[in-house]
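Residue-level listing of the chains:
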Amino acid sequence: MAILSALATEVFIPVAAVVGIAFAVVQWVLVSQVKLSPAAAASGGSKNGGYGDSLIEEEEGLNDHNVVVKCAEIQNAISEGATSFLFTEYQYVGIFMAIFAVVIFLFLGSVEGFSTKSQPCTYSKDKYCKPALFTALFSTVSFLLGAITSLVSGFLGMKIATYANARTTLEARKGVGKAFITAFRSGAVMGFLLASSGLVVLYITINVFKLYYGDDWEGLFESITGYGLGGSSMALFGRVGGGIYTKAADVGADLVGKVERNIPEDDPRNPAVIADNVGDNVGDIAGMGSDLFGSYAESSCAALVVASISSFGINHDFTGMCYPLLVSSVGIIVCLITTLFATDIFEVKAVKEIEPALKKQLIISTALMTVGIAIISWLALPAKFTIFNFGVQKDVTNWGLFFCVAIGLWAGLIIGFVTEYYTSNAYSPVQDVADSCRTGAATNVIFGLALGYKSVIIPIFAIAVSIYVSFSIAAMYGIAVAALGMLSTIATGLAIDAYGPISDNAGGIAEMAGMSHRIRERTDALDAAGNTTAAIGKGFAIGSAALVSLALFGAFVSRAGVQVVDVLSPKVFIGLIVGAMLPYWFSAMTMKSVGSAALKMVEEVRRQFNTIPGLMEGTAKPDYATCVKISTDASIKEMIPPGALVMLTPLIVGTLFGVETLSGVLAGALVSGVQIAISASNTGGAWDNAKKYIEAGASEHARTLGPKGSDCHKAAVIGDTIGDPLKDTSGPSLNILIKLMAVESLVFAPFFATHGGLLFKYL
């Protein structure tokens, strides 16, 4: 038996979640102390750490009330635009949620003909489990809970980001360290809120469902898989819709403003700048928050489903069953300690310290988490237990399972650092891309594509080693907990990720408010580091998606009763080849959507420059609202076809062709989707930072390529514009595609196993 009692487990998990939420509230209170009213800002400047020196105040504009008022106005415009878009998006998504909930209930309820009688269990035929009708009902409820939690997570993240962006700008007047702490604390609010709320909702759901299911672990965790499906389906629409919104505005603003009109990025004369800043919040914050919440929910559900048919489930060992939730609980405590290193222990004093401070967060959290996993594995797991792997028993030790979680955790760190190497302008790959701009946009595009393809190699080996080792030790349960290990430091990962768009917005607000060049340099430095960390966050999301999908795939194959997936079988092979094609189809849809939305934006921005007298001279105001409306309308309309492709594929394939063909589709989509996602994200990130490398002119080499407005810089802007939909729309959405298809197949597995393969039955 485990050392940790069931009572201690029942107390520790919710307490860890509550501590995480309390920490998020404390960070928010600290951020809110930066005032956005002129009187408060002026009085506050003299108290804070010796910044009352009047000379510094005059030089940096600390006493300029107009600047504070302008910052507040711009922040309100961004916040209103983001809130309006998300409410519009959620109305459409709400309709989908209601329809899909009915589909889940009808499909799963029909497995036993809507019978209310107990049925023989899937894995233990001598025992009786709860009726399929009630499993259908509970699956529907958990789907709705997962969907709502995902939407709330994204919305709260967006609200926090729009609350913090102008405050980061104002703090940049006092120094880069103050601005860094404000942006990072704001990111931490989102990270801890999302990790803690995801854990506590899942834990409460399990305990409520347990009142009905009792000792029927199998039925309980089969119904819980709906939670992961709800989280990921909302993440798909959030990522695709937000990605199309932000990139339509970004591409439109860059092509007309920077390339044609030769005005700076985020210049207030550009009609698309507010839409661009709104897009950062709805795509990179709300969409990304929902995405990582989906990954967390699915990896937890996959581990719980596989564990429910192990010796934990048979012996009704509550502590052992809750091991995946205990790992996440320890992760929240570890991330809390790690965050204090960035905000209170190591102070950032110079621009060059920003990126190392963020990298330290990853290293410290990984090192501490390794110790945390070792302790919880020793306390919560019996010394030896049995996992059932496709009907074959496998004996596992608690230290074996510790290695599975740890290898996932460290593989995540490796993927993060490889991503950083290929996307940061501190290293040669991005500098080579920047250098290629000497001969124009064509060579820049060629070098960027090559970099993206090459950046896939090491992450794939890291994922492959994780899969082999964790499967060898603990079969599919090993892979599920390895995915959980990669996501165990999700609070820190999200804090680092959310920091990027907050810094990007802060730079935009500084430019629009007419603040000094020195402040813009500080916000640009924060943003450049944020660009790299955003790429690291996407690397984590893609790596964990690969492991989560494989664990869900294993659970699906087991639940659907497929003994072996034979690649040489024609039923499987046709699925495999179609599945490998799906990420290309999906990417084509999302990129074309960005292109058509950007086309409308470019035409509108050109129209305003050509028809509004005094706009270029700065004497007239642009019509920001029309550009915001173009992005909103285009993204809502364009997110539906890619979403439908992902959601309908498993249903159509499973119903018409059966579980064998569907297993081929899932395997094919997983294998090709991971490669395209990594290369697309890294190519886009490299092009973006190559442009920033030329703009910053920090080294002798960079100065030979600049300045802004030179032919070399224009070539870099074109590369960055091409990369925008790759890194912020198609790439990050692909990891949701592979996870979502796998979890949807698992939820509907009982239906496909009973009624699937209609075409093959009648051919």
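Residues numbered from 1 in each chain as written. Predicted model: local features only at pLDDT ≥ 70, side-chain atom pairs only at ≥ 80, totals over all residues. Heavy atoms only, no water.

Going by the annotation in an unreviewed UniProt entry, the name recorded for the protein is H(+)-exporting diphosphatase, with Paspalum notatum var. saurae given as the source organism.

A. Broad picture of the packing of aromatic side chains. Evaluation of the coordinates by the stated rule reveals 25 aromatic pairs. Judged by centre distance (5.9 Å) and plane angle (35°), the ring pair of phenylalanine 341 and phenylalanine 346 falls under tilted. For phenylalanine 341, a relative accessible area of 22% puts it in the partly exposed group. Note on phenylalanine 346: relative accessible area 41%, which makes it partly exposed. Through pairs of rings, three or more aromatic residues link up here, namely Phe96, Phe100, Phe107, Phe143, Phe237, Phe748, Phe751 and Phe752. Between the NZ or CZ atom of arginine 167 and the centre of the ring of tyrosine 163, over which it lies, the distance is 3.8 Å. Lysine 360 extends its terminal NZ or CZ atom over the ring of phenylalanine 346, reaching a point 4.6 Å from the ring centre. (Phe/Tyr/Trp six-rings, centres within 6.5 Å; stacked < 30°, edge-to-face > 60°. Buried < 20%, exposed > 50% of the residue type's maximum accessible area, 1.4 Å probe, protein only. Lys NZ or Arg CZ within 6 Å of the ring centre and 35° of its normal.)

B. Layout of the confidence of the model for the protein. With 94% of its residues at a pLDDT of 70 or more, the protein shows a mean pLDDT of 85. The low-confidence segment residues 41-61 (pLDDT under 50) makes 27 contacts with residues lying over four places distant or belonging to another chain. (pLDDT = per-residue confidence, 0-100. Contact = heavy atoms within 4.5 Å.)

C. Fine view of the nonpolar core. Core analysis: the largest hydrophobic core is formed by 226 residues, its most contacted members being Phe180, Tyr323, Ile354 and Phe556. Discounting residues that sit within four places of it in the chain, tyrosine 323 has contacts with Ile373, Ile376, Ser377, Ala380, Leu381, Leu401, Phe402, Val405, Tyr477 and Val481. Ile694, Ala702, Ala715 and Ala716 belong to the second-largest nonpolar core, a separate cluster that totals 19 residues. (Core = buried A, V, L, I, M, F, W, Y, C linked by side-chain atoms within 4.5 Å.)

D. Layout of helix 5 (residues 132-171). Its 40 residues give helix 5 an end-to-end C-alpha distance of 57 Å, which sits within 8% of 58 Å, the value for a rise of 1.5 Å per residue. Of all the bends found along helix 5, the most pronounced is centred on alanine 164 and spans about 30°. Buried residues dominate helix 5, accounting for 30 of its 40 residues. (Helix = DSSP H or I, 4+ residues; strand = E, 2+ residues; numbered from the N terminus. Expected span 1.5 Å × (residues − 1). Bend = angle between axes of the 7 residues up to and from the residue.)

E. Representation of the packing of helix 21 (residues 640-657) against helix 24 (residues 711-747) within the structure. At a minimum axis separation of 9 Å, helix 21 and helix 24 run at an interaxial angle of 35°. Here helix 21 and helix 24 pass one another in a crossing that is right-handed. For the pair formed by helix 21 and helix 24, the contact residues are Val646, Met647, Thr649, Pro650 and Leu651 on the first element and Leu737, Leu740, Met741, Glu744 and Ser745 on the second. Partitioning the contact of helix 21 with helix 24 into residue classes produces seven nonpolar, two polar and one charged. (Axes fitted to C-alpha atoms, helices over the stretch in contact; angles between N-to-C directions. Left-handed = near helix turned anticlockwise from the far one by under 90°. Nonpolar A, V, L, I, M, F, W, Y, C, P; charged D, E, K, R; others polar.)

F. Representation of the side chain of serine 455. With respect to the helices, strands and loops of the structure, serine 455 is situated in the loop between helix 15 (441-454) and helix 16 (457-487). On the accessibility criterion, serine 455 (0% relative accessible area) is buried. Looking at serine 455, its side chain comes within polar contact range of the side chain of asparagine 682, at 2.9 Å. With residues up to four places along the chain from it excluded, the contact list for serine 455 reads Val418, Tyr422, Ile678, Ser679 and Asn682. (Polar contact = N/O pair within 3.5 Å; in protein donor to acceptor, adjacent residues only side chain to side chain.)

G. Representation of the environment of aspartate 216 in the model. Looking at the element boundaries, aspartate 216 is found in the loop between helix 6 (176-213) and helix 7 (217-260). Along the primary structure aspartate 216 and lysine 127 are separated by 89 residues, whereas in three dimensions their C-alpha atoms are 9.6 Å apart. Every residue in contact with aspartate 216, bar those within four places of it in the chain, is listed here: Cys129 and Lys130.

H. Focus on unusual backbone geometry. The phi angle at asparagine 262 is positive, at roughly 55°, despite the residue not being glycine. Its place among the elements puts asparagine 262 in the loop between helix 7 and helix 8 (273-308).

I. Up close: the environment of alanine 195. By the element assignment, alanine 195 lies in helix 6. Here alanine 195 falls in the buried class, since its relative accessible area comes to 7%. The spacing of alanine 195 and glutamine 563 is 368 residues in sequence and 36 Å in space, taken between C-alpha atoms. Residue contacts for alanine 195: discarding those within four places in its chain leaves Ile332, Ile490 and Ala491.

J. How the structure looks around the side chain of serine 488. Residue placement: serine 488 occurs in the loop between helix 16 and helix 17 (490-512). Separated by 2.7 Å, the side chain of serine 488 and the backbone oxygen of glycine 485 make a polar contact. Sequence-distant contacts of serine 488, defined by excluding residues within four places in its chain, comprise Val327, Gly331, Cys335, Met369 and Leu409.

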